[in-house]
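Tertiary structure, described
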Amino acid sequence: MEINTKNIFTEALPSDSKMENSRRQVTHACFSYVTPKKPSNPKLIHVSDDMIKTLGFSDKDVSAQKFTEILTGATTLKNTKPYAMCYGGHQFGHWAGQLGDGRAINLFEVVHNEKVWTVQLKGAGETPYSRNADGLAVLRSSIREYLCSEAMYHLGVPTTRALSLALTGDQVLRDMLYDGHPEYEKGAIVARVSPSFLRFGSYEIFAARQDHSTLKTLVDYTIAHHFSHLGKPSKENYIQFFSEVTERTLKMIVHWQRVGFVHGVMNTDNMSILGLTIDYGPYGWLEGFDFGWTPNTTDKEHKRYRYGNQPQIGLWNLYQLANALYPLIEETEPLEQILEGYKTGFEEQSLAMMKSKLGLHNKHTADQRLIQDLEKVLLATETDMTLFFRNLGHFKKRNAKTGLEIVKVAFYVPNEVSGQIAQEWRDWFKRYDDRLQNESLTDKQRQSKMNQVNPKFVLRNYMAQLAIDDAEQGNYDLLNELFQLLKRPYSEQPKYEKWFKKRPDWARHKVGCSMLSCSS
Ligand code: AMP
Ligand code: MG
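1. Re empty space enclosed by the protein
With the rule as written, the count across this model stands at 4 cavities of 30 Å³ or more. The volume enclosed by the largest cavity comes to roughly 70 Å³. Along its surface, the largest cavity is lined by 13 residues, and Lys37, Gly123, Leu136, Thr168 and Asp170 are the ones closest to its centre. When contributions to the lining of the largest cavity are tallied by element, the ones reaching two or more residues are β10 (161–174) and β11 (183–194). Tallied by class, residues from the lining of the largest cavity come to 7 nonpolar, 4 polar and 2 charged. As for the second largest cavity, its lining consists of Arg258, Val259, Lys357, Met385, Thr386, Phe389, Arg390, Asn454 and Pro455. If you list the elements that add at least two residues to the lining of the second largest cavity, you get α8 (235–259) and α12 (385–392). Among the elements that take part in the lining of the second largest cavity, α12 stands out by supplying 4 residues, more than any other. Across the lining of the second largest cavity, the residue classes tally to 4 nonpolar, 2 polar and 3 charged.

And the structure:
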């Protein structure tokens, strides 16, 4: 292999002294060395050409059998030692204690073009952190992570990446709906890539155990390797560090709101310290615009992680991180100020984001109101978010009357857009048109700018499910088609027009298309 591997994380940080894979509490250590499970018949299904280049693999590397073996845990590269990271987390609002990489195994870091990347296998077997589960992943959840993380990247949303998708050749038992009907499914492994897989929970675990010495070691490591512009460790720079994590988290969530992505499990163990979208589980994409929607059946009752609550949860999670960092800072005020700043930052960034979706660039006092009223009428009947905003780009100034016509394909039940609701739409388009008089761009220029923030193609829940259904039968054409399509989500791509459509009716209540559980 021509890649330049390193063991930066494991060489710098304290390790668990035990070497066996038994489930246990691991203290005073950031990770445990582990051995991936040998897959019985590993086969690569897909590789990301982008990530191949990013990591510096040659074409020869990729076609070698060894490439498949490494990315499925069948062999390990010379001079590398796989490991699982120790972390804790707040799950659904409650402290859950030690969690850790229960089904993720980090292989090594790769240095290429002066960037450092960690390569991690998801689904490569048990670790000390697997608790009562098997450390494995199935094909359906692996396809979802593989496609979505790359799609998010191309949408311009900060995210971990995916390098490859492989079958292990083993069968994995899963009770998909938690209803007492487990079935065997194909085992799979996604090789994920990120500058770091550290999470809020990586710091929380040491604070919870009052192990302030390891906490400091890990924070200093994080700053030195991932926030090195902040300089040498000190109280001030811990505060600066928290401030930057806050900013990045906020930015990421505003992007989610922009494209209609719902993470589904925003527990603190799923919050990257780098502000990247991480751990694609029961995530989903808004079809009908709906602040109350969550794809996660496990969260059906309280909908803690619903679309409209994501910004609030980001803040709640940052409070947990602030508590974890407190022992190193010992002052609440600067932390509170930063958290206050998140609230005002959200108001500002959210407004700017929504304005950009509407093609509004100048300042106007009534913008907030115009947006709120749009949201109100969008919620009045089921309206496809992606189709609505993309088509709004076709609006021409001084043509308020054509507004409804331009967006009507976005309505799931067109008949409902009559009477009072139709009137509200007409009123809104009239105000929108008046507001556009304050803008200097031509219709064409405005549309072109809107098209850079309003994607034409997102990974609708049913699209991923169709690719999964085919892949279960050994056909990966659709997987590849979606992979290619989602590389250019803002482009027209006429040959893929069929994916610029509302969710079909059959998908409304189908498992995988509207309901997803954590069990994957
Ligand atoms: P998640 O909510 O998927 O991010 O997972 C929460 C915790 O459960 C993490 O510590 C995961 O590593 C662990 N986990 C999830 N699925 C499995 C599995 N199949 N085997 C072992 N651990 C798992
Ligand atoms: Mg997780």
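2. Some points on the domain arrangement of the chain
For the chain, the domain assignment lists domain 1 (5–197), domain 2 (201–356), domain 3 (360–440) and domain 4 (461–507). Here the C-alpha centre of domain 3 lies 44 Å away from the C-alpha centre of domain 1.

3. Observations concerning the nonpolar core
Counting 128 residues, the largest nonpolar core has Trp285, Trp425, Tyr432, Leu459 and Leu482 as the members making the most contacts within it. No other element matches α8, which puts 11 residues into this core. When near neighbours in sequence (up to four residues on either side) are disregarded, leucine 482 contacts Leu147, Leu459, Met463, Ala464, Ala467 and Trp499. By size, the runner-up hydrophobic cluster in this structure holds 28 residues, among which are Ile3, Leu55, Ile105 and Ala124.

4. With respect to a negative patch on the surface
A cluster of acidic side chains, namely Glu236, Glu331, Glu333 and Glu336, defines a negative patch on the protein surface. Take glutamate 336: it is sitting in helix α10 (residues 333–358).

5. So, the pairing of strand β7 (residues 104–112)
In terms of burial, β7 is largely enclosed, as 7 of its 9 residues are buried. Relative to β7, strand β1 (residues 5–6) runs antiparallel, the two being bridged by 2 bridges. Within the sheet, the bridge partner assigned to lysine 6 lies in β7 and is glutamate 109. Summarising the sheet, β7 and strand β8 (residues 115–122) pair through 8 bridges and their orientation is antiparallel. Residue pairing across strands places valine 110 opposite tryptophan 117, the latter belonging to β8. Linkage of β7 to β8, two consecutive antiparallel strands, is achieved through a turn of 2 residues, within which asparagine 113 is found at a positive phi near 50 degrees.

6. Notes on the side chain of glutamate 375
Mapped onto the elements of the fold, glutamate 375 is located in helix α11 (residues 367–380). Buried within the structure, glutamate 375 lacks any salt-bridge partner; lysine 357 is the closest side chain of opposite charge, at an N-O distance of 10 Å. Those residues in contact with glutamate 375, other than ones at most four positions away along the chain, are Phe289, Phe291 and Met354.

Definitions and cut-offs
- Residues numbered from 1 in each chain as written.
- Chains lettered and ligands numbered in written order.
- Predicted model: local features only at pLDDT ≥ 70, side-chain atom pairs only at ≥ 80, totals over all residues.
- Heavy atoms only, no water.
- 1 Å grid on protein atoms, 1.4 Å probe; cavity = no way out; pocket = protein on both sides within 12 Å on 5 of 7 lines; lining within 4 Å.
- Points joined across faces, edges and corners; volume = space filled by probe spheres on them.
- Helix = DSSP H or I, 4+ residues; strand = E, 2+ residues; numbered from the N terminus.
- Nonpolar A, V, L, I, M, F, W, Y, C, P; charged D, E, K, R; others polar.
- Domains from an automatic or database assignment.
- Core = buried A, V, L, I, M, F, W, Y, C linked by side-chain atoms within 4.5 Å.
- Buried < 20%, exposed > 50% of the residue type's maximum accessible area, 1.4 Å probe, protein only.
- Contact = heavy atoms within 4.5 Å.
- Patch = residues over 30% accessible without salt bridge, like charges linked within 9 Å, V, L, I, M, F, W, Y side chains within 5 Å.
- Areas by Shrake-Rupley, 256 points an atom, 1.4 Å probe, with all protein chains shown as cover.
- Salt bridge = Lys/Arg side-chain N within 4 Å of Asp/Glu carboxyl O.
- Lys, Arg positive; Asp, Glu negative; His and termini not counted.
- Charge placed at Lys NZ, Arg CZ, Asp CG, Glu CD.
- Pairing = 2+ DSSP bridges.

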